[in-house]
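Chain residues, written in single-letter form:
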Amino acid sequence: MSSRARRSLPALLSLALAACGDVEDPPGRVLDRAPAAPRTLRVPDAPETVQAAAQAGKDQDEPGHGAKIASIAMRTWIYVAPDDRSTKLGYLRAGAVVDRAERSAGTKGCEGGWYRVAPRGYVCVGKGATLSLDHQVVSAAVRGPDRKAETPYSYVISRSPPPHLYFRLPTEGDQRRVEGSTIRTHIALSTVPDVPLSPVPDFLLQGRDLQKPYGSVEPLRYTVHAGRAKEASAFGLITSFQWTNRTFGLTTELDLIPLDRTKPAKISELRGVVVDKPGIPGIVITYGAAKLEPDSVGNMVQKGTVPWRSGWILTGKHMGGEGGLWETTEGFWLPGEALAIAQPHEDPVGHARAGKKWIEVSIKRQMLIAYEGTRPVFATLVSSGRGGMSDPEKTTATIRGIFYVHAKHVSGTMDGEEGSDSFDLRDVPYIQYFHEGYALHGAYWHDEFGKPRSHGCVNLAPADAHWLFEWTDPVVPPEWHGAVNMEGGTLIWTHG
């Protein structure tokens, strides 16, 4: 998916309505027959027996009783009803395993059967999902995204030339044949990204090939590999391990890559300010900003400095002329010229007065503020489109107006136009689409927040993208990879 590729969501996201009618039993016929023989009277079941039977049947139709279903596709859609013409609620990604009902809800348009899943919706067993938890794709996708972490995966960016994409564990002989006889010299001279290491997955140790999830591009395969990755590729890794004295990573699209052919993504350390007490959020935007406190006679004395990009809550007390000094809730003062200070507004459509959640993005100030009603609860620096305040139809400017979050993805692949270096960006974290291809999302490939940088989306430091992703609506349930709400989730107001 592209954050600024101008792609609308698939046409299948549109609402499909299904009608249903009453069905009458056909009239019966009275047949001539001999009088019936006397019958033994049946004693009715005890009420508790009837209740137990009814509950057992109900349990079979509801998830949460031990039965599981697994995704074997890049997107396994979840529908509001057991019908692929019904509204989509979200999707699972390959390897995700969720609770399901024991009993199928029918086979309409789904030969393998529809199953209710937790916490809601229905999934079709077929190309996208399986009841077999030892399926090849499920076994290979050993770990899903870490929703509790600031980035859902570990990230690496390819060197030049980019890494080969192996589909089984390559022997040392395979590696020399594929990558050349100088491979060991290359490995000795390379710096391997510092990523968490795990044991080699049993699936691979058994000599099995990695099967591509349904919906991913199936490349031309050679003996043990499928060619090289694209130049300037970036990958999310679900696991990393040592093999033949070399570190390999398993990507989310189930490719094995040698990590000495990559470098680590340098994740921004920017963290927005969570406003947990009354006040105005401010973020330090200069190095060596003075931390000032009044002495016994009221003169301001420097008491050290505050970190670059640190966030503070300001009381609103201000002294001096333009810029001046601002008091923090911690009791010290900061120079205004060293701060990006939020300027709280009310949204144009009344969400603030109604006490609802909403988000404001100022393109001129390169700042985002999240509100609950009229109260700011979070603020951070962003990178919006390079086109600034120009026409977004003709330039890389961020679109301006009132919008609503309608689709959220824990991660997604972008086609490269978002990065200045034309990256093939895999698993961009915490994407929230609010209008066509425009989205809020984390950026692991740059750290220039506070100035325009994107091709139209609103780039955030990954930690900030994570905070907002968990705060906004629609909610993405655990184990799901995305959620959809075409009626509209959290309001976003982008303006100058």
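Preceding this section is the structure that the text describes.
The model shown is predicted, which means the values in this text are computed figures rather than measured ones. (Residues numbered from 1 in each chain as written. Predicted model: local features only at pLDDT ≥ 70, side-chain atom pairs only at ≥ 80, totals over all residues. Heavy atoms only, no water.)

Caption draft 1: Broad picture of unusual backbone geometry. Residue proline 119 follows alanine 118 across a cis peptide bond; omega there is -5°. Among the secondary structure elements, proline 119 is positioned in the loop between strand E5 (114-116) and strand E6 (122-124). Residue proline 474 is reached from aspartate 473 by a cis peptide bond, and omega for that bond is 5°. Note on placement: proline 474 falls in the loop between helix H6 (462-471) and strand E31 (482-484). The phi torsion at alanine 232 lies on the positive side, around 55°, for a residue other than glycine. Relative to the helices and strands, alanine 232 is located in the loop between strand E10 (225-228) and strand E11 (233-243). One non-glycine residue with positive phi stands out, namely leucine 254, at about 60°. (Helix = DSSP H or I, 4+ residues; strand = E, 2+ residues; numbered from the N terminus.)

Caption draft 2: The pattern of salt bridges, seen in detail. A complete count under the given rule lists 22 salt bridges for this structure. Notably, a salt bridge pairs glutamate 179 with arginine 246, separated by 2.8 Å at the nearest N-O pair. Taken as a pair, glutamate 179 in helix H3 (residues 172-179) and arginine 246 in strand E12 (residues 246-251) lie far apart in primary sequence, 67 residues in all. When sorted by exposure, glutamate 179 lands in the same class as arginine 246, which is buried. As a salt-bridge pair, arginine 309 and aspartate 447 come within 2.5 Å of each other at their nearest N and O atoms. With arginine 309 in the loop between strand E18 (300-306) and strand E19 (311-319) and aspartate 447 in the loop between strand E29 (438-442) and strand E30 (458-460), this pair connects stretches of sequence that are 138 residues apart. Judged by its relative accessible area of 8%, arginine 309 falls in the buried class. Note on aspartate 447: relative accessible area 34%, which makes it partly exposed. Among the charged side chains, a salt-bridge network with shared partners connects Glu179, Arg246, Asp260 and Arg261. (Salt bridge = Lys/Arg side-chain N within 4 Å of Asp/Glu carboxyl O. Buried < 20%, exposed > 50% of the residue type's maximum accessible area, 1.4 Å probe, protein only.)

Caption draft 3: Representation of the packing of aromatic side chains within the structure. Enumeration according to the criterion identifies 13 aromatic pairs in this entry. With centroids separated by 5.6 Å and ring planes inclined at 45°, the aromatic side chains of phenylalanine 403 and phenylalanine 434 adopt a geometry described as tilted. One end of the pair, phenylalanine 403, is in strand E26 (residues 401-404); the other, phenylalanine 434, is in strand E28 (residues 424-435), and 31 residues separate them in sequence. Of the two residues examined, phenylalanine 403 and phenylalanine 434, each falls in the buried class. An aromatic cluster is present here, built from Tyr153, Tyr155, Tyr444 and Trp445 joined pairwise through their rings. Over the aromatic face of phenylalanine 469 sits the side chain of lysine 408, whose NZ or CZ is 4.6 Å from the ring centroid. (Phe/Tyr/Trp six-rings, centres within 6.5 Å; stacked < 30°, edge-to-face > 60°. Lys NZ or Arg CZ within 6 Å of the ring centre and 35° of its normal.)

Caption draft 4: The sheet that holds strand E23 (residues 357-362), seen in detail. Taken in spatial order, the 6 strands make up an open sheet running E15-E25-E24-E23-E32-E26, and their pairing is mixed. Here the strands that pair on one side only, and so sit at the sheet edges, are strand E15 (273-274) and E26. Sheet topology note: the strand E24 (residues 367-372)/strand E25 (residues 375-381) ladder contains 6 bridges and is antiparallel. Residue pairing in the sheet places alanine 370 in a bridge with phenylalanine 378 of E25. (Pairing = 2+ DSSP bridges.)

Caption draft 5: Region of the structure containing H6. The buried fraction of H6 amounts to 8 of the 10 residues, a majority that puts the element mostly inside the structure. For H6, the complete set of buried residues consists of Pro462, Ala463, Asp464, Ala465, His466, Leu468, Phe469 and Trp471.

Caption draft 6: Structural context of the nonpolar core. Leu204, Leu210, Phe241, Leu254, Leu256, Leu425 and Tyr444 are the most contacted members of the largest nonpolar core, which has 56 residues in total. Per-element accounting of this core gives the leading share, 4 residues, to E28. Other than its neighbours up to four places away in sequence, leucine 204 contacts Leu169, Leu210, Phe241 and Leu256. Counting residues in each nonpolar core, the second largest holds 36 residues, with Val377, Trp471, Trp480 and Ile492 among its members. (Core = buried A, V, L, I, M, F, W, Y, C linked by side-chain atoms within 4.5 Å. Contact = heavy atoms within 4.5 Å.)

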